[in-house]
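A structural walkthrough
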Amino acid sequence: MGLQILSWSMLIIGFIIIIWGFFEFPANEWVGKDFLSFAISGMILIAGGLAILKASAGLIIAAIIIAALLLAVYIWIFQMGAANTLISYVITLALVGWLISLVLK
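Our subject in this report is the structure included herewith. (Residues numbered from 1 in each chain as written. Predicted model: local features only at pLDDT ≥ 70, side-chain atom pairs only at ≥ 80, totals over all residues. Heavy atoms only, no water.)

Turning to the overall build of the protein, a few remarks are in order. Assigned secondary structure in the protein consists of four helices and zero strands. Secondary structure elements in the protein, listed N-terminal to C-terminal, are α-α-α-α. Counting only residues that meet the buried cut, the protein has 30% of its 105 residues in that class. Intrachain contacts of the protein at a sequence separation of at least 6 include 65% that bridge at least 24 residues. Accessible area of the protein: about 6800 Å², with a carbon and sulfur share of 77%. (Helix = DSSP H or I, 4+ residues; strand = E, 2+ residues; numbered from the N terminus. Buried < 20%, exposed > 50% of the residue type's maximum accessible area, 1.4 Å probe, protein only. Contact = heavy atoms within 4.5 Å. Areas by Shrake-Rupley, 256 points an atom, 1.4 Å probe, with all protein chains shown as cover.)

Quick look at the structure:
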């Protein structure tokens, strides 16, 4: 019962954070650093909530991939050096691969 309350709370808070970001920033800033921080945070909460809730594997994997794609855009916008960007992408891909393998077990 306690884990269900936690997972539903994470889902609801994740959706609220994403919706808050939509209202906080105009449409022309949705690819900016500020909005993407809201979107990534919300998607991570949603993916975690779905995993704790033991939703279908496809739904959890879709949430993880969406969060990873948003994170890739976020990393790209920061315009770090090539080495730092590449290292960030490799770490993100490794984490996504590991999380997906855990879901598929």
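Next comes the rest of the account.
Enumeration according to the criterion identifies six aromatic pairs in this entry. Ring centres 5.1 Å apart and planes at 45° place the aromatic pair F22 and F35 in the tilted group. Taken together, the positions of F22 in helix 1 (residues 2-24) and F35 in helix 2 (residues 33-53) put the pair 13 residues apart, joining distant regions of the chain. Take F22: its relative accessible area is 38%, and that puts it in the partly exposed class. Centre to centre, the rings of Y74 and F78 are 5.0 Å apart; their planes meet at 80°, and the pair counts as edge-to-face. Note on F78: relative accessible area 37%, which makes it partly exposed. Taken together through their ring pairs, the aromatic side chains of W20, F25 and F38 make up a single cluster. (Phe/Tyr/Trp six-rings, centres within 6.5 Å; stacked < 30°, edge-to-face > 60°.)

Turning to helix 3 (residues 57-77), a few remarks are in order. Compared with an ideal rise of 1.5 Å per residue, which puts 21 residues at 30 Å, helix 3 spans 30 Å between its outermost C-alpha atoms and is within 8% of the ideal. Those residues of helix 3 that sit buried are I60, I61, A63, I64, A67, A68 and I75. The buried residues of helix 3 all sit within an arc of 160° when viewed along its axis, so they share a single face. Those residues of helix 3 that are exposed and angled more than 90 degrees off the buried face are L69 and W76. Q79 sits one or two positions beyond helix 3 and adopts a positive phi of about 50°. (Expected span 1.5 Å × (residues − 1). Arc of directions from axis to C-beta.)

Here helix 3 crosses helix 4 (residues 82-104) at 175°, and the two axes come no closer than 10 Å. In this view, helix 3 runs roughly antiparallel relative to helix 4, as classed from their interaxial angle. In contact with A57, I60, I61, I64, I65, A68, L71, A72, I75 and W76 of helix 3, helix 4 contributes T85, S88, Y89, T92, V96, L99, I100, V103 and L104. Residue composition of the contact of helix 3 with helix 4, by class: 16 nonpolar, three polar and no charged. (Axes fitted to C-alpha atoms, helices over the stretch in contact; angles between N-to-C directions. Parallel < 35°, antiparallel > 145°, perpendicular 65-115°, else oblique. Nonpolar A, V, L, I, M, F, W, Y, C, P; charged D, E, K, R; others polar.)

Our focus in this paragraph is helix 1. For helix 1, with 23 residues, the first-to-last C-alpha span of 32 Å sits near the 33 Å given by 1.5 Å per residue. Residues S7, M10, L11, G14, I17, I18 and G21 constitute the buried set of helix 1. Among the structural elements, helix 2 are those in contact with the buried residues of helix 1.

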